[in-house]
There are 2 protein chains.
Amino acid sequence: MKSISNIISQALKQCQPSAEDVEKLTKVAIETKSLVSRYISPKVVDVVFGGSFAKGTWLKDEVDIDIFIKIDNSVNDIEFGHLGEQVGLQSLKGYNPYLRYSDHPYVEAVINGIRVNVVPCYDVLKGKWKSAADRSPFHTEYIKNNLDDDQRNQVRLLKKFLKSVGIYGADIATGGFSGYVAEIMILKYGMFESVLHAMSNIGVENNVISIDKPDEYSIKNFESQLIIIDPIDHRRNLGTAISAESVGKLVLAARSFLAKPSFDFFIKNEKKLSENYEGLYPNLVIIEFSYKRRSPDVIWGQLKRSLNAISKQLELANFKVIRGICVTDQQETAVFVFLLDSVTLSPYTEKIGPKIFMRKETANFILKNQEKSLITWVDNEMRVSTLIQRETTNAKHFLKLLLTKKIESTGITKGLKGDIQRLFRIYSGDDQTINGLAKEAVRDLITSDERILQ
Amino acid sequence: MKSISNIISQALKQCQPSAEDVEKLTKVAIETKSLVSRYISPKVVDVVFGGSFAKGTWLKDEVDIDIFIKIDNSVNDIEFGHLGEQVGLQSLKGYNPYLRYSDHPYVEAVINGIRVNVVPCYDVLKGKWKSAADRSPFHTEYIKNNLDDDQRNQVRLLKKFLKSVGIYGADIATGGFSGYVAEIMILKYGMFESVLHAMSNIGVENNVISIDKPDEYSIKNFESQLIIIDPIDHRRNLGTAISAESVGKLVLAARSFLAKPSFDFFIKNEKKLSENYEGLYPNLVIIEFSYKRRSPDVIWGQLKRSLNAISKQLELANFKVIRGICVTDQQETAVFVFLLDSVTLSPYTEKIGPKIFMRKETANFILKNQEKSLITWVDNEMRVSTLIQRETTNAKHFLKLLLTKKIESTGITKGLKGDIQRLFRIYSGDDQTINGLAKEAVRDLITSDERILQ
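Just so you know, these numbers come straight off a predicted model, no measurement behind them.

The rules behind these values
- Residues numbered from 1 in each chain as written.
- Chains lettered and ligands numbered in written order.
- Predicted model: local features only at pLDDT ≥ 70, side-chain atom pairs only at ≥ 80, totals over all residues.
- Heavy atoms only, no water.
- Helix = DSSP H or I, 4+ residues; strand = E, 2+ residues; numbered from the N terminus.
- Buried < 20%, exposed > 50% of the residue type's maximum accessible area, 1.4 Å probe, protein only.
- Contact = heavy atoms within 4.5 Å.
- Pairing = 2+ DSSP bridges.
- Salt bridge = Lys/Arg side-chain N within 4 Å of Asp/Glu carboxyl O.
- Domains from an automatic or database assignment.
- Buried area = accessible area lost by both parts, 1.4 Å probe.
- Axes fitted to C-alpha atoms, helices over the stretch in contact; angles between N-to-C directions.
- Patch = residues over 30% accessible without salt bridge, like charges linked within 9 Å, V, L, I, M, F, W, Y side chains within 5 Å.
- Areas by Shrake-Rupley, 256 points an atom, 1.4 Å probe, with all protein chains shown as cover.
- Lys, Arg positive; Asp, Glu negative; His and termini not counted.
- Charge placed at Lys NZ, Arg CZ, Asp CG, Glu CD.
- Polar contact = N/O pair within 3.5 Å; in protein donor to acceptor, adjacent residues only side chain to side chain.
- Nonpolar A, V, L, I, M, F, W, Y, C, P; charged D, E, K, R; others polar.
- Phe/Tyr/Trp six-rings, centres within 6.5 Å; stacked < 30°, edge-to-face > 60°.
- Lys NZ or Arg CZ within 6 Å of the ring centre and 35° of its normal.
- Least-squares fit on C-alpha atoms with pLDDT ≥ 70 in both.
- Arc of directions from axis to C-beta.

Q: Help me out: how do you make sense of the overall build of chain A in this one?
A: Looking only at helices and strands, chain A has 15 helices and 15 strands in total. With respect to the three principal axes, the spread of C-alpha positions in chain A is 80 × 55 × 50 Å. Every one of the 454 residues in chain A was classed for burial, and the buried ones make up 54%. Contacts in chain A between residues at least 24 apart in sequence constitute 66% of all its contacts with a sequence separation of at least 6.

Here is the structure:
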């Protein structure tokens, strides 16, 4: 077994950019910024770098350059949007710029092989946030001023580790740890290994990460399993965006890595489906459909909420859902996959009624079930019990009905209903070979990350 | 709808013996008693009539004559048994007498088509019981002295009603209401209809039937759903022998009859299996075996306890038992039938582990399940969950293993183990046609008594 320090120095080589990398990137960054800076005016107050490039925490071969244009505070929402688009598209016009959407639109282009984002924000005082991006320049400043060079590399290690476990990124799809969170964690614990030690020992009572003295009032009002106080806004909990599953994975991964350090934790886990898993195929139900393209956060939000809604409906119909997953290519195709205890249920189910002492309730129970009842008897606890025919015995038929005639009452988000209603396919793993996006989903659903299970 | 009084007078005709019946029976009874009475000696103190004949509550065409021989109190157990056998066999020797067993042996013979039992009991003072039969002469006297002729007919009605619903008889097989209990109920409530009214309204707080002022101490120590105090022994609860199911049936039957009186309640319910039920056949598991003949109460006790034990084992292996039943021809064959939610289970099952905060427990959980585990993951409540291969997926295979290699730890009564181990058959309703005793059991298990479900 290699020592942690050996592994860490090997990993650092993978994620630390070379002097050449830095030079190339800095050149593109400065040139692009100067293009954008031409638009400074009373309405565009300033142009500043943001993101991992500005903070010096970017991973070799994985960097975006973020350029924030600070817009005067008095500009209204609509003009703010227009200005952002205009400045971005105009300044990058030589590089085929295109619009992207997060909370508001921003402009992206690829310059010398490097992705550059031009993002508008308001020029505000700390705490007087007007748009979602307004905190970013404050985050950038804070990290630049507080991290030293060693710690920047520790951030890189942590990001690489999170990426490898599949929990890097605060987007809805991942529900993981953002780059900023990784920086906060290194600031708090000093180095990569200390973060892992801290996370190994996280408990229900021991779940607050705060650089400054934590604000008791805010903490009491935060509900996530892991609370991470934003040092530039104590009322903001960065842990909200992190799913319980991601926190759990980090905790297990940290314990496993510390117990048995391995370079595997810095390489993306390529899950492979072994033959072992084929026995599970008949218990998989897959729903495939296509949708009109929308921004990633929107479609992911809709998919995740709909996944929960469909799971709940399956459970209400007595199908036991062991795990469910949604995936999308972020273009036009989405897939839900459910691993069920069984795709079919017994044609009958027992309903246990009241104790026979409860005269009215007993009579009502018998009357209510009379039509569907096959056998009715008094059980040995003196309750009336009855065996009734189940309406639904096959999960595929059930889902087909749910997604057509009953879609209004399913809880599937409004935004997806139209897409699903247009056309969908439902099949099980023993109906046909699973391919494409569904195969990816199935792989994620029915494999384990052995590295974190030591 | 006929009136209750119409139906009752019709029913009375069916159960009240004619003058001719009484004459014939009395003749046999007196002659037999005089045969037995020849054996009076210092050890055989007296010969008295007992049972429904003595009390005048017998049902037309359904009577036994019980003759009790009272044996002197100073005689020891062994001599008591011998004397009982000797006197019975000697006095009835002209009628092919044979031995039967209840708590102790007694002698039976058929004389002029009427079954006669000669039963030994001790000649004791009230309360100084030495053998199980010693209370009987006191019961007989008590009922003879307290019931008038009208009430004797009301007892007959009640017995016929109980018989028709299948809950007449205090034997273990039936777990129902004895003739003596029927008499006590008529003494308490005055007439048949009033018994039904009382039973219709029975509740958890309202479940004591006592002729005399009830003894609070005893009642507190009685645990059955229906408490019936024996008027000649306040420490005895006649309700103990009555199963919860029988009480429940009586309550429902009483309500149904009062709501919609029908002569059907005085005719044995001939259950027929309609085609509706065939869908249940694949969910039935049947165990058949033969045993060395023993007394009915012994075999029934063993079967009932073993039924519960096997049910429990099935449930522990995750098979959902909807209903189970045992039957025997009381000669040599017995059958267990279980109606399951499904005979087969999914090949995998989910095991939910501790929250990942519990470091030691989480590690133990992962380690413990490692070999059998197919997928392990962190669920959205931060628990480690794992999918493990089930050992048992087919109830028939499970039971086969249980009744062979694992029979010692099943809870099946010692008395039956040898019989079952010698030879048994396990099959499901879709393996083969169900015949004979098994068919009877299945009919009882998967049909309802529609009369009581109004």
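Q: Is there a simple way to explain the pairing of strand E9 (residues 284-290) of chain A in this structure?
A: When a strand is regular, its side chains alternate between the sheet's two faces. Residue and element names in this part refer to chain A. Among the seven residues in E9, six count as buried, and that is most of the element. Taken together, the seven bridges between E9 and strand E11 (residues 333-340) define a ladder with antiparallel strand orientation. Counterpart to Ser290 in the pairing with E11 is Thr333. Judged from the five bridges that link them, E9 and strand E15 (residues 424-428) form a sheet pairing that is antiparallel. Across the sheet, residue Val285 finds its bridge partner in E15, namely Ser428.

Q: Can you walk me through the pattern of salt bridges in this structure?
A: Pairing between side chains of opposite charge can happen when their charged atoms approach one another. Counted according to the given criterion, the structure contains 52 salt bridges over all chains. Residue Lys320 of chain B pairs with Glu350 of chain A through a salt bridge whose shortest N-O separation is 3.0 Å. Of this pair, Lys320 of chain B sits in the loop between helix H11 (296-316) and strand E10 (321-328) while Glu350 of chain A sits in strand E12 (residues 348-355), placing the two residues on different chains. By relative accessible area, Glu350 of chain A is classed as buried at 16%. Two residues, Asp419 of chain A and Arg422 of chain A, come together in a salt bridge whose shortest N-O distance is 3.8 Å. Taken together, the residues span about one helical turn, with Asp419 of chain A and Arg422 of chain A both in helix H14 (residues 414-422) at a distance of three residues. Residue class for Asp419 of chain A comes out buried when judged on its relative accessible area of 4%. With a relative accessible area of 48%, Arg422 of chain A lands in the partly exposed category.

Q: Is there a simple way to explain the domain arrangement of chain A in this structure?
A: Where the parts come together, the accessible area they lose is often given as the size of the interface. All names here are of chain A. Assigned domains within chain A: domain 1 (19-133), domain 2 (149-266), domain 3 (275-344 + 392-448) and domain 4 (348-389). Its C-alpha centre places domain 2 at a distance of 31 Å from the equivalent point of domain 3. Tallying the contact residues gives four residues for domain 2 and five residues for domain 3. Roughly 380 Å² of surface becomes buried between domain 2 and domain 3 when both sides are summed, with 58% attributable to carbon and sulfur atoms. Contact with domain 3 buries surface across domain 2, with Ile172, Ala173 and Glu245 losing the most and accounting together for 92% of the total. Linking domain 2 to domain 3 there are one salt bridge.

Q: Is there a simple way to explain the sheet that holds strand E13 (residues 373-378) of chain A in this structure?
A: Strand pairing in a sheet relies on backbone hydrogen bonds. The paired strands run either parallel or antiparallel. Strands sit in the order E12-E14-E13 (chain A) across an open sheet of three strands; the sheet is antiparallel. Looking along the sheet, the strands with just one partner apiece sit at the ends: E12 and E13 of chain A. Strand after strand, the sheet turns through a mean of 20° between neighbouring axes, direction not considered. The strands that helix H12 (residues 359-369) of chain A touches are E12, E13 and strand E14 (383-389) of chain A; relative to E12 of chain A, the one it contacts most, it runs at about 160°. Sheet strands in contact with helix H10 (residues 244-259) of chain B are E13 and E14 of chain A, and its direction is about 110° off that of E13 of chain A.

Q: Which parts of the structure should I look at to understand a negative patch on the surface?
A: A surface patch of like charges, here negative, comprises Asp329, Glu332, Glu440 and Asp444 of chain A. Mapped onto the elements of the fold, Glu332 of chain A is located in the loop between strand E10 (321-328) and E11.

Q: Help me out: how do you make sense of the interface of chain B and chain A in this one?
A: In this complex, chain B contributes 51 residues to the contact, which on the side of chain A involves 51 residues. Overall, the association of chain B and chain A removes approximately 4,400 Å² of surface from exposure, summing both partners, and the carbon and sulfur fraction of that is 64%. The partner of Arg390 of chain B in a salt bridge is Asp341 of chain A, and the shortest N-O contact between them spans 3.9 Å. Taken together, chain B and chain A are joined by eleven residue pairs in polar contact (both at pLDDT 80 or more). Here the element with the most residues in the side of chain B that touches chain A is H10 of chain B; it accounts for eight residues. A breakdown of the residues in the side of chain B that touches chain A according to their chemical character gives 25 nonpolar, 15 polar and eleven charged.

Q: In this structure, what is going on with H14 of chain A? I would like to understand it.
A: The set of residues buried in H14 of chain A consists of Leu416, Lys417, Asp419 and Ile420 of chain A. Along its buried surface, H14 of chain A packs onto E9, helix H11 (296-316), E11, helix H13 (395-403) and E15 of chain A.

Q: Where do I start with the packing of aromatic side chains in this structure?
A: By convention here, two paired aromatic rings are described through the distance between centres and the angle between planes. All names here are of chain A. Scanning the entire structure with this criterion turns up 30 aromatic pairs over all chains. Between Phe192 and Phe257, the ring centres sit 6.0 Å apart and the planes meet at 65°, which makes this aromatic pair edge-to-face. In this pair, Phe192 sits in helix H8 (residues 192-200) while Phe257 sits in helix H10 (residues 244-259), placing the two residues 65 residues apart along the sequence. Note on Phe289 and Phe336: the rings are 5.9 Å apart at their centroids and 25° apart in plane angle, and the pair reads as stacked. With a gap of 47 residues between them, Phe289 in strand E9 and Phe336 in strand E11 connect regions that are remote in the sequence. The exposure class of Phe289 is buried, given its relative accessible area of 3%. Taken together, Phe161, Phe192, Phe257, Phe263, Phe265 and Phe266 form an aromatic cluster joined through their ring pairs. Sitting over the face of the ring of Trp58, Arg156 holds its NZ or CZ atom 5.7 Å from the ring centroid.

Q: Teacher, can you tell me more about the relation of the copies chain B and chain A here?
A: Put simply, the second copy of the chain is the first one after a rotation about an axis and a shift along it. When chain B is fitted to chain A, the best match, at an RMSD of 0.1 Å, comes from turning it 180° and sliding it 0.0 Å along the axis. Those values place the two copies in the arrangement expected of a two-fold rotation axis. If distances are taken from each C-alpha of chain B to the rotation axis, the shortest is found for Leu345 of chain B, at 5.1 Å. Of the residues that chain B buries at the interface, 100% are likewise interface residues in chain A, meaning the two copies contact each other through the same surface.

Q: Looking at this structure, how should I read the sheet that holds strand E4 (residues 105-111) of chain A?
A: Residues and elements named next belong to chain A. Within the open sheet, the five strands sit side by side as E1-E2-E5-E4-E3. Their pairing is mixed. At either margin of the open sheet sits one strand with a lone partner, and together these are strand E1 (44-50) and strand E3 (98-101). Along the sheet, successive strands turn relative to each other by an average axial angle of 30°, direction set aside. Note that E1 and strand E2 (residues 64-71) share six bridges and pair antiparallel. Within E2, the position partnered with Val47 by the bridge is Ile69. With respect to the sheet, helix H4 (residues 77-91) is in contact with E1, E2, E3, E4 and strand E5 (114-122), its orientation differing from that of E5 by roughly 155°.

Q: Please clarify how the pairing of strand E8 (residues 233-237) of chain B should be interpreted in this entry.
A: Residues and elements named next belong to chain B. Pairing analysis gives two bridges linking strand E7 (residues 227-230) to E8, with the strands arranged antiparallel. When the sheet's bridge partners are listed, Asp230 is paired in E8 with Asp233. Connecting the antiparallel pair E7 and E8 is a turn made up of two residues.

Q: Please explain unusual backbone geometry as it appears in this structure.
A: Negative phi values dominate among residues other than glycine, just as trans dominates among peptide bonds. The backbone phi angle of Asp61 of chain A is positive, close to 65°, even though this residue is not glycine. Structurally, the position occupied by Asp61 of chain A is in the loop between helix H3 (51-55) and E2. Take Asp61 of chain A: its relative accessible area is 68%, and that puts it in the exposed class. Notably, Met382 of chain B is not glycine yet its phi reads approximately 70°, a positive angle. Residue position: Met382 of chain B is located in the loop between strand E13 (373-378) and strand E14 (383-389). Taking the relative accessible area as the measure of exposure, Met382 of chain B reaches 0% and is therefore buried.

Q: What am I meant to see in helix H13 (residues 395-403) of chain B here?
A: It helps to recall that an α-helix has 3.6 residues per turn; residues three or four apart then point in one direction. All names here are of chain B. Listed as buried for H13 are Ala395, Lys396, Phe398, Leu399, Leu402 and Leu403. Mapping the buried residues of H13 onto a view down its axis gives an arc of 160°, with all of them on the same face. Those residues of H13 that are exposed and aimed more than 90 degrees away from the buried face are His397 and Lys400. Capping of H13 at its N-terminal end is provided by Asn394; its side-chain oxygen lies 2.7 Å from the backbone amide nitrogen of Lys396.

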